[in-house]
Amino acid sequence: MAEQPILAFRDVNLQYGDTWALRNVSLVLRPGETRIILGAAGSGKTCLLKAAIGLVHVDGGEISLFGEDVTRDRETDLFALRSRAGFVFQEGGLFDSLSVGENVEYPLLNQRLSGHQNNSGSERSIEDRVREALRFVELERTFDKFPSEISGGMRRRVGIARAIVTEPPLVLYDSPTAGLDPITANTIMALIAKERDVRNSASLIVTHRYQDGEIMDKFFYDAARQELVPLGECADTDPKRNRTRFIVMKEGQVVFFGTRLELEACDDLYVKRFVHHED
Ligand SMILES: Nc1ncnc2c1ncn2[C@@H]1O[C@H](COP(=O)(O)OP(=O)(O)OP(=O)(O)O)[C@@H](O)[C@H]1O
Ligand SMILES: [Mg+2]
């Protein structure tokens, strides 16, 4: 029997005036699966992520998150539901007036307020968990620094630590590598793959860099070796090992869904724009 979906969209619509931000969008995401979301500026990628956790209210269709209906829930219920997912915002979204440690602590305090805690972490102190999340992104030494005192790439990594500190079953990443040099971008993608593979979490990743999708698709984190290793040649046909699929959006619609090889073979001129596209 297939695992229960963590997230499911059915015929979701969202319009701003005459603009379709989301148009008949359907998707299903299960534990350990990755979706790479590509598409032009304004094609609806951020709206899709925000709709998933009820940060924007859609006009039609159904969205279920952890088995609960996001489109019908009241804001108070959404708060608790949302605290179970991790979100890396497109703009970074760190609080400038809080230290790095306090930024990463924030979702844990939020979760405590909303009454939903992960059993796995409840016996550890908040500070231990914050330090562990920062260690995961190799930034433990920045605990007491402020966002303005660290580099853009480091801020992105703090954003990731903040998104994963609660050990969420679903992490949404909005353009986690935008504006970074290729080496830093690859480091960040390696962390995202590690997070997915260490905890079998589901990931929805918006990106303008095709290489980000390639990393998620071609590699997995080997915990014994503590590094990313290439998936075998059988990867694309083995549903257990390769669980990355690509989505291309255009004017709010999903115009492509499939594997990397299917994407690379796609003839559509719009879709082709997002394949092997260097920054
Ligand atoms: N609050 C809003 N009010 C009006 N229009 C909006 C709002 N939010 C999004 N839109 C519109 O919805 C469409 C989709 O926006 P979205 O932010 O999802 O694009 P995107 O694919 O994330 O783009 P980018 O790659 O530039 O981040 C765009 O046309 C945008 O202008
Ligand atoms: Mg966006």
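Given the structure is predicted, the values throughout are model-derived calculations rather than measurements.

Looking at ligand 1, there are 13 residues lining it, with Gly42, Lys45, Thr46, Cys47 and Gln90 nearest. Within the backbone of Ser43, a nitrogen or oxygen atom sits 3.2 Å from an oxygen atom of ligand 1. With three residues, helix H1 (residues 45-52) is the largest single contributor of residues to the shell around ligand 1. Along the lines of polarity and charge, the residues of the shell around ligand 1 split into five nonpolar, seven polar and one charged.

Going through the model one piece at a time under the given rule, you end up with 14 salt bridges. Between Glu33 and Arg35 there is a salt bridge; the shortest N-O distance is 3.1 Å. For the residue pair Glu33 and Arg35, the accessibility class agrees, reading buried in each case. The salt bridge involving Glu167 is made with Arg124; its shortest N-O contact spans 3.0 Å.

Now for the sheet that holds strand E4 (residues 60-65). Strand order across the open sheet formed by four strands is E2-E1-E4-E5, with antiparallel pairing between neighbours. One side of each edge strand has no neighbouring strand; the edge strands of this open sheet are strand E2 (19-29) and strand E5 (68-69). In terms of strand pairing, E4 meets E5 through two bridges, oriented antiparallel. Considered in E5, the bridge of Leu65 is made with Glu68.

Okay, the packing of aromatic side chains next. For the coordinates displayed, the defined rule picks out four aromatic pairs. Ring geometry for Tyr210 against Phe246: centres 6.0 Å apart, planes inclined by 35°, an arrangement best described as tilted. Of this pair, Tyr210 sits in helix H8 (residues 210-218) while Phe246 sits in strand E11 (residues 244-250), and the two are 36 residues apart along the sequence. You'll find Tyr210 and Phe246 in the same group, each marked buried. Between the aromatic rings of Tyr270 and Phe274, the centroid separation amounts to 5.1 Å while the plane-to-plane angle is 65°, which identifies the pairing as edge-to-face. Across the pair, Phe274 and Tyr270 agree in class, each one buried.

With respect to the helices, strands and loops of the structure, Leu191 is situated in helix H7 (residues 182-199). Among the residues examined, Leu191 registers a relative accessible area of 6% and is labelled buried. Residues Leu191 and Arg124 lie 67 residues apart in sequence; the distance between their C-alpha atoms is 23 Å. If sequence neighbours within four positions are ignored, Leu191 has contacts with Phe136, Val137 and Arg157.

About the criteria used
- Residues numbered from 1 in each chain as written.
- Chains lettered and ligands numbered in written order.
- Predicted model: local features only at pLDDT ≥ 70, side-chain atom pairs only at ≥ 80, totals over all residues.
- Heavy atoms only, no water.
- Near = heavy atom within 4 Å.
- Polar contact = N/O pair within 3.5 Å; in protein donor to acceptor, adjacent residues only side chain to side chain.
- Helix = DSSP H or I, 4+ residues; strand = E, 2+ residues; numbered from the N terminus.
- Nonpolar A, V, L, I, M, F, W, Y, C, P; charged D, E, K, R; others polar.
- Salt bridge = Lys/Arg side-chain N within 4 Å of Asp/Glu carboxyl O.
- Buried < 20%, exposed > 50% of the residue type's maximum accessible area, 1.4 Å probe, protein only.
- Pairing = 2+ DSSP bridges.
- Phe/Tyr/Trp six-rings, centres within 6.5 Å; stacked < 30°, edge-to-face > 60°.
- Contact = heavy atoms within 4.5 Å.

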